[in-house]
Each structure stands twice: as C-alpha cells, then as structure tokens.
Amino acid sequence: MRKRVQQSAKIDGPLTQQELLDSAHSLLIWTQADGFLSDIKRLKSDAQQNHLWKKPIARGSVFFIQNLRVSKAIFLYLFDGLHAQLNTQRCYGLDTKEQIAACLIFFATGSYQRGVGKDFHIAIAQKTFSKVLLQTLVPLHNLIRDWIQLAMSEEERQEARFFEKSGFENIVMCVDGTHIKIKKKTRNRPLQYLNRKNVYSINALIACDHKYRIGAIDARFAGSNHDAHIWRVSPVRAYFEHLHRSGQNDRLFGDAGYPSEPWIVRPHRDPDEGSVEAQENSKISSGRMTVEQSIGILKSRFRCLLGAERSLNYDPRKAGLIINTCCALHNMCIEHNIEWQQTFNSIIRGIEDS
C-alpha cells in the first residue's frame, strides 16, 4: 500500500505520516472517480445497446409490434421506400430509421411527449418531431396509400359472401362514419368542425370488408357534416353505383342515416316489434358489427385516432393524411397477419367514440 501511494504521489524517499495520509486520501479520491467513470461508461454502453434503433435488425417482430404496431418486415419495407426521399440533414441528424420510428410511435400512442419527445426508444424534442412528421408524412402516405383499395377480385367477392348468413345477398362491404378529434381551427369557419357532441373533429367515412380491411377512407369533411351528405359525394357511392350500372349487384350494409339506394342495405325506420322489418333490422345490425369492430381495432391499434384523452393537434389537411396513413398501415398489418391484442374495453371505447 505504501509503495502504491508513493508511486501515485510521485515522491522519492521516505514519507512523513502527514504525507502518507494526504497521499492515501488522494488515492481514495482517484479510485472513487475511476469507479464513477466506469459506472458512467457501463450505463452509457447499456443505453446504447438498449436503444431501439441502433440495431433494429437485431430486434424481433414482437418487439416491433409492441412498440410500433407493425412487424419488422413492414418497417424495412417503409425504410426501403423512404430512405432516398428523407433529408436527414434538416432533422438534426436523425437518420431515416429514427424518423420513421418516431412517426410510427406517435401513430401508435398518440402522445407528443411521453411517447416520442421523451421516450427512451427515440429521444427527440417535440419541436424536432414536428419537423420530422412534416417531412415524413407525405412521402409515407404516398408510399402506402395503394394498400387501400375498393376493387375486389372475384375470389374476394365470393369469400365475402359470409354476409349472406344475414339473409341478404351480394353484400361485400359495410360502411359507417367515425369522428376523429382535431384541434380547434382559428380561421376559415372553425365552427363547421364542431360536431353534435360539441367536439372539433373530422367525420371520416370508412368502408371495410369481412376481414376488417379498409377498402375506402374519406377524411375530407368537417365534423358538422352529416353521414348522408358525405355518402352522397363520396367515391364509395360513385363506385358502387357504377358497379350496378355495369350489371354487378354488389352492395353494402349501412346504418339508418344513409339514403335508401339499390346498392346499400340499411335498417327500416320504426318497425313494429316482431315484424319482418324488425327481424331484418336485427340481421342488418349483426352484419354492420363488422365495420364497428374494424373502426374499434383501428383506433385501439393507432391511438392517435382514439380521441379519448387527446386530439390530433394539426390542421384538417394534415390530420386527414394521418388518418389515411393509419388506415393503410392497418391494412398492411392485416395482410401480414399481425394480431393486435387489445382489450375488450379498448374496442368498445373505439366504437363509442366513433
């Protein structure tokens, strides 16, 4: 010990008792400092190893699904399609993987700070994330928007005949509207976005098939618009009208708010109890549960749309792009057989908020 103290103090010759105590004190401080620095290095190394996007290929699909709601294969597909389009220099050096991850985490959680800005997975500031979303959203939407398709193959049309169990023929889809909360507009007639529940929202029309795949999403209209108006001017109505004029009798289930047309089956108004109309209403209601469940799964998977605790803090155009993008990602998850394990209460909340 005396020799180590002599070497550390770099003193030749014998030491006095005071010099020995001073040198021992210095050695103790150095030893503690070395241990502290070692702990810092170890913690930093562990943090780097546990950082979600340092080595994404090393992570399994379960980890991706839990945090981003998409599999590793989907994430790599997005990366391949976007890495040449995203400018990493304008986003404080965040690479493409980190930008895509930040957007997907926001879609999944709906949180600006807890889920993104201060998250240990992708620790960036809210201001930085706003720039990331602004740069990423349009290219991402353009990349995956073709995953939403109204057209069905003959095999898909025949498979969708499960709706015939309700007693109605040629039913291939269901249609319904759902409200997505947004921030209050300060210009350009903000009251048109105030819906019947006194909440600012977008009234989005959604059509889905028997597998909960979304065949059409129309998120252009303010929350004060009635479902019937949105239906009259929607591409979905034009598409099914064209099918009927072409001799193809495909139809949809809709609720009582939609007009009576040959290509849409809706409930009868105020039928007598026990009548044929009341029995048909029960069957239609049973068939329409598909679109309500689809909306519930969509909102519980991508909670930025749920609206239970927060709203989309963006203008209606950007909010519409976010809605469309989430619907396309929802279809990709279904195509890749990704089951999102949400609770029954989450689905019910999604249906009630719609």
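Now for a description of the structure that goes with this document.

Calculation criteria
- Numbering of residues starts from 1 in every chain and runs along the sequence as written.
- It should be noted that, the model being predicted, local features are given only for residues of pLDDT at least 70 and side-chain atom pairs only at 80 or more, the latter also being counted only at that level, while totals for whole chains, interfaces and linings use all residues.
- Side-chain descriptors were evaluated using all non-hydrogen atoms of the structure, hydrogens and water having been removed beforehand.
- Helix and strand assignments follow DSSP, with helices taken as H or I runs no shorter than four residues and strands as E runs no shorter than two, numbered in order from the N terminus.
- Classification of residues uses two cut-offs on accessible area relative to the type maximum, computed with a 1.4 Å probe and protein chains only: under 20% is buried, over 50% is exposed, and between them is partly exposed.
- Working definition: rings of Phe, Tyr and Trp (its six-membered ring) pair if their centres are within 6.5 Å, and the pair is stacked with planes under 30 degrees apart, edge-to-face with planes over 60 apart, and tilted otherwise.
- Two strands are counted as paired when DSSP detects at least two bridges linking them.
- By definition in these notes, contact holds between two residues if any of their heavy atoms fall within 4.5 Å.
- Orientation is described by lines fitted to C-alpha atoms, with helices fitted over the stretch in contact, and by angles between N-to-C directions that extend from 0 to 180 degrees.

Next up on the list: unusual backbone geometry. Backbone geometry places Arg69, a non-glycine residue, at a positive phi of 70°. Structurally, the position occupied by Arg69 is in the loop between α3 (61-68) and α4 (72-82). Even without being a glycine, Tyr212 presents a positive backbone phi close to 70°. Looking at where Tyr212 falls in the secondary structure, it is placed in the loop between β2 (201-208) and β3 (214-222). Judged by relative accessible area, which is 28%, Tyr212 ranks as partly exposed.

What follows concerns the packing of aromatic side chains. Under the counting rule described, the total for this entry stands at seven aromatic pairs. On the numbers, 5.4 Å between centres and 55° between planes, the contact of Phe64 with Phe75 is tilted. Placement of Phe64 in helix α3 and of Phe75 in helix α4 is noted, with a sequence separation of 11 residues between them. Overall, Phe64 belongs to the buried group, its relative accessible area being 1%.

As a further point, take the sheet that holds strand β5 (residues 264-265). Within a sheet, adjacent strands bond to each other through the backbone by hydrogen bonds, running parallel or antiparallel. An order of β3-β2-β1-β4-β5 is seen for the five strands of this open sheet, with the pairing classed as mixed. Lying at the two open borders of the sheet, with one neighbouring strand each, are β3 and β5. The pairing of strand β1 (residues 171-181) with β2 spans eight bridges and is classified as antiparallel. Bridging across to β2, Asp176 finds its partner in Ile206. The strands touched by helix α10 (residues 235-245) are β1, β2, β3 and β4 (251-253); relative to β4, the strand with the most contacts, the crossing angle is about 140°. Sheet strands in contact with helix α11 (residues 276-301) are β1, β2, β3, β4 and β5, and its direction is about 45° off that of β1.

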